[in-house]
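Take a look at the letters that make up each chain.
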Amino acid sequence: MWRLRRAAVACEVCQALVKHSCGVKGSLPLQKLHLVSRSISHLHHPTLKLQRPQIRTSFQPLSSLTNLPLRKLKLSPAKYAYQPRRHFWPARLAARLLKLRYIVLGSAVGGGYTAKKTFDQWKDMIPDLSDYKWIVPDIVWEIDDYIDFEKIRDALPNSEDLTKLMPDFDRIVESLSLLKDFFTTGSPGETAFRATDHGPESDKLYRKVSDKEKIDQLQEELLRTQLKYQRILERLEKENKELRKLVLQKDDKGIHHRKLKKSLIDMYSEVLDVLSDYDASYNTQDHLPRVVVVGDQSAGKTSVLEMIAQARIFPRGSGEMMTRSPVKVTLSEGPHHVALFKDSSREFDLTKEEDLAALRHEIEIRMRKNVKDGATVSPETISLNVKGPGLQRMVLVDLPGVINTVTSGMAPDTKETIFSISKAYMQNPNAIILCIQDGSVDAERSIVTDLVSQMDPHGRRTIFVLTKVDLAEKNVASPSRIQQIIEGKLFPMKALGYFAVVTGKGNSSESIEAIKEYEEEFFQNSKLLKTSMLKAHQVTTRNLSLAVSDCFWKMVRESVEQQADSFKATRFNLETEWKNNYPRLRELDRNELFEKAKNEILDEVISLSQVTPKHWEEILQQSLWERVSTHVIENIYLPAAQTMNSGTFNTTVDIKLKQWTDKQLPNKAVEVAWETLQDEFSRFMTEPKGKEHDDIFDKLKEAVREESIKRHKWNDFAEDSLRVIQHNALEDRSISDKQQWDAAIYFMEEALQARLKDTESTLENMIGPDWKKRWLYWKNRTQEQCVHNETKNELEKMLKCNEEHPAYLASDEITTVRKNLESRGVEVDPSLIKDTWHQVYRRHFLKAALSHCNLCRRGFYYYQRHFVDSELECNDVVLFWRIQRMLAITANTLRQQLTNTEVRRLEKNVKEVLEDFAEDGEKKLKLLTGKRVQLAEDLKKVREIQEKLDAFIEALHQEK
């Protein structure tokens, strides 16, 4: 009887707990009840039915939803049906105390599990501060030397003593049960009746509570719990971000002169940069992971990337294609939010609007510089590093947007070029494809999804992102369509994950913080999240950033060692090929070869300054005479020599020399000097150096020579000073000694003999071969040559009759010659007679001049007496002495200008050209070519890639 009474009481307590558990949705399971209640068989009370209501809800794990402001949610109180029963206050007191115990124990267990999960998540996010142990004072690490922790531990009570101090909950429950039995009056049957008579009615009323209301209550409470923990995570994240920023700033200031190790992501980015320089077309099977951002034009790719980078770093345009070449963005942590290019040391502060504007302008300039030859897009990559506190570490490549049609102003092959660039990046089996789809337009208009499906048909490395969800929810009539897009049901494309983001209100001047606030506010009030069409972990760009970063590093860890082994094999093959083809040569790449050629060119320029003055003057004088000899003979000497007396000769010579000096001679002299300098420079640059000569430098040296000469310009004041010197030299007629007189005669003879030889050659070509050549070499004269020969013979007869004949034929003499030739059956034209006479008389005059020159060898005595009482006049010798002296003085002056000024200026120009070529990679690639150069280039790049990969793998293992 007593046992039956105790069972009824226990069952009534259990039933009270089930009905009055505030804040717990549904009945408590039997396993959660008191030990006494579980040990008693409920079969003694067939009318008591404690059944847990079957509530099915899609409970999702706690997401990392960021920065969603806590919204006050009012949980509607649960409605319980009226249960007509009576309770004494001791029984209600006991039930409430027992309920409090279970609530405390349940909260402790649930709270402990939640706290452990949160701690594990944040433990992975907290950086490894082992490198910053130096920040903590040494006394902290040595504190155990000053404090005896063993004594303190012994003095504290142990766990058993603490357990004894805790109350015995089992005894308390038992006492309360006895107290309830004591206050319960009436027979046991009455008690049992009261405990069981309302069972069926109670269950019926309990089931009246709608399942839908309970599901709504559970969802509301779940959302409220998520928001609560989200606020806690946000606070912890902010504290962690400030702590990391403080640590990085202290280390950045150089405390204890300690330097941070290069971050993993920076090391990995350097590997990708070297690979990009090695082969941008992926012919080397570059399978290292990177995040490839693809999407239709104006789908929001750039906005998503800016949200991940937390800065508006890309140029923008309304409907215009702005991304014209791939942009590789390396995200890493740092004390300050800055950006810098791979090939520049300038840092752009992303917290300042003027630096942001300058960065966008620089990116636009680089894009337009990469686009060449009338193209619209370029495959050349722009490498950009973005650092800042709290940024997720990864490497993203922003590609030009995929277009459907080519508009005006674009190159005809723009569409195909964009497709080829996108495929080149996406065909990498380890590339993570971030597919961006505009949610505000019809999904059927998307082009990029088909392309992504071709590259990744199973969706093993694709993450789908739906942008502009706010516009989609506003414009789309059926919200379930957005859910279908997110779940990939409207596309043939599969993906690892699906995300929905908001990239602002469409205003390009919006800040990142404003966009974040707008995005959080939208998803807080969005029906898509409330109705579970979207999960909490599928929204906001922060969740997207975390997911992409996790996927990126997972892919890196899985593939980087395999790629390192692949490059080791490539290196071995290249080294073997080099040893077989060039066993005695060093492995010099293009830059090293350029430096070697640069040193050789500079040495040759220095050798140019070591040319002796005598050599300069000799080549200058000879070159200048070759340039002016025709003018001197034809325009000065011959007209003056045909005069009747010495006075007229000297007057004619003086007039013509002055005209020549004022107008042509200085300019001709400078041209001769400049050409001489070029010839000497070219001789030093091109002459073989024996066994040490390397013909691989020939094209480079020739290009440097041409560009240096093109840039060089002779000093403008040189002609003015040279004109005065030449005029004074030609005015002098005084020959001081016999040696100068003989030198002038020798110079005159050489000049006249050279002219006579040229004249005889011209005359021979005019009249044809003589009888000796005709008989020995079987040559014949043409009809025209025969006419010229007959004319020449007739003119020579006339010269024999009058050896002092003037230079020109009279008209009656031309008629006489023509009639004489006609009498012999030779028809001639008067112009033919004049042409033939010119060469015949020229030869006759030069021979007479040479004969007169020979007579003047003994004329120096008469010259000193000014040819008084002498029939010998040697004014032509004086003329050639004046010319010779002018040439010597001019050569000396030009030599001084060369050695003192022009050689140094040329050397400066050569250095400038070499510096320009050193910065121009295309020039070096064009001028230093060949299998040897390319093999050395490949070998160096592969070695560099392998070394960087090995260092990265070692750092990756250390981080683990």
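Only a predicted model underlies this, so the values are computations on that prediction, with no experimental measurement involved.

Asks: Report on the overall build of the chain, specifying residues and quantitative values.
Replies: The secondary structure content of the chain amounts to 35 helices and nine strands. The buried share of the chain, reckoned over its 960 residues, is 44%.

Asks: Give me the lowdown on the nonpolar core, citing residues and values where you can.
Replies: Across soluble globular proteins, nonpolar side chains show a tendency to be buried alongside one another. Counting residues in each nonpolar core, the largest one holds 105 residues, and the members touching the most others are Trp625, Tyr637, Trp660, Trp741, Ile883 and Val910. The contacts of Ile883, once residues within four sequence positions are left out, are Trp625, Val632, Leu657, Trp660, Leu730 and Phe747. If you look at the next biggest cluster of nonpolar residues, it comprises 68 residues, including Ile308, Val386, Leu544 and Val548.

Asks: Before we move on, can you summarise the sheet that holds strand S9 (residues 497-500) with the specific residues and values?
Replies: Read from one edge to the other, the open sheet built from nine strands follows the order S4-S3-S5-S2-S6-S1-S7-S8-S9, with strand pairing classed as mixed. A strand with exactly one partner marks an edge of an open sheet, and here the two such strands are strand S4 (348-349) and S9. Note that strand S2 (residues 327-332) and strand S5 (residues 382-387) share six bridges and pair parallel. The residue of S5 that forms the bridge with Val327 is Ile382. Running over the sheet, helix H12 (residues 301-309) touches strand S1 (291-295), S2, S5, strand S6 (394-398), strand S7 (432-438) and strand S8 (462-467) and is turned about 160° from S6.

Asks: Pulling in residues and values, what's your account of the environment of Ser629?
Replies: Tracing the chain through its elements places Ser629 in helix H22 (residues 613-641). Here Ser629 falls in the buried class, since its relative accessible area comes to 10%. Separated by 122 residues in the primary sequence, Ser629 and Ala751 have C-alpha atoms spaced 7.8 Å apart.

Asks: I'd like a rundown of helix H21 (residues 590-608), residues and numbers included.
Replies: Here H21 contains 19 residues, and its C-alpha end-to-end distance of 27 Å stays within 8% of the 27 Å for a straight helix at 1.5 Å per residue. Residues of H21 that are buried include every one of Arg590, Leu593, Phe594, Ala597, Ile601, Leu602, Glu604, Val605 and Leu608, and no others. Buried residues along H21 sit in contact with H22, helix H24 (665-686), helix H25 (698-711), helix H33 (875-919), helix H34 (921-927) and helix H35 (931-959).

Asks: Hey, could you go over the side chain of Asp876 for me, with residue numbers and the actual values?
Replies: Its location among the elements puts Asp876 in helix H33. One buried charged residue, Asp876, forms no salt bridge at all, with the nearest opposite charge on Arg882 at 11 Å. If we ignore the near neighbours within four places in the chain, the residues touching Asp876 are Tyr637, Phe649, Met748 and His852.

Asks: Describe the confidence of the model for the chain, and please don't skip the residues or the numbers.
Replies: Across the chain, pLDDT averages 76, with 70% of residues at or above 70. Taking the mean pLDDT of every element in the chain, the minimum, 36, falls on helix H8 (residues 188-196) and the maximum, 92, on S1. Below a pLDDT of 50 lies the segment residues 182-209, which in the model reaches 31 contacts outside its immediate sequence neighbourhood of four places, other chains included.

Scoring rules and cut-offs
Residues numbered from 1 in each chain as written. Predicted model: local features only at pLDDT ≥ 70, side-chain atom pairs only at ≥ 80, totals over all residues. Heavy atoms only, no water. Helix = DSSP H or I, 4+ residues; strand = E, 2+ residues; numbered from the N terminus. Buried < 20%, exposed > 50% of the residue type's maximum accessible area, 1.4 Å probe, protein only. Core = buried A, V, L, I, M, F, W, Y, C linked by side-chain atoms within 4.5 Å. Contact = heavy atoms within 4.5 Å. Pairing = 2+ DSSP bridges. Axes fitted to C-alpha atoms, helices over the stretch in contact; angles between N-to-C directions. Expected span 1.5 Å × (residues − 1). Lys, Arg positive; Asp, Glu negative; His and termini not counted. Salt bridge = Lys/Arg side-chain N within 4 Å of Asp/Glu carboxyl O. pLDDT = per-residue confidence, 0-100.

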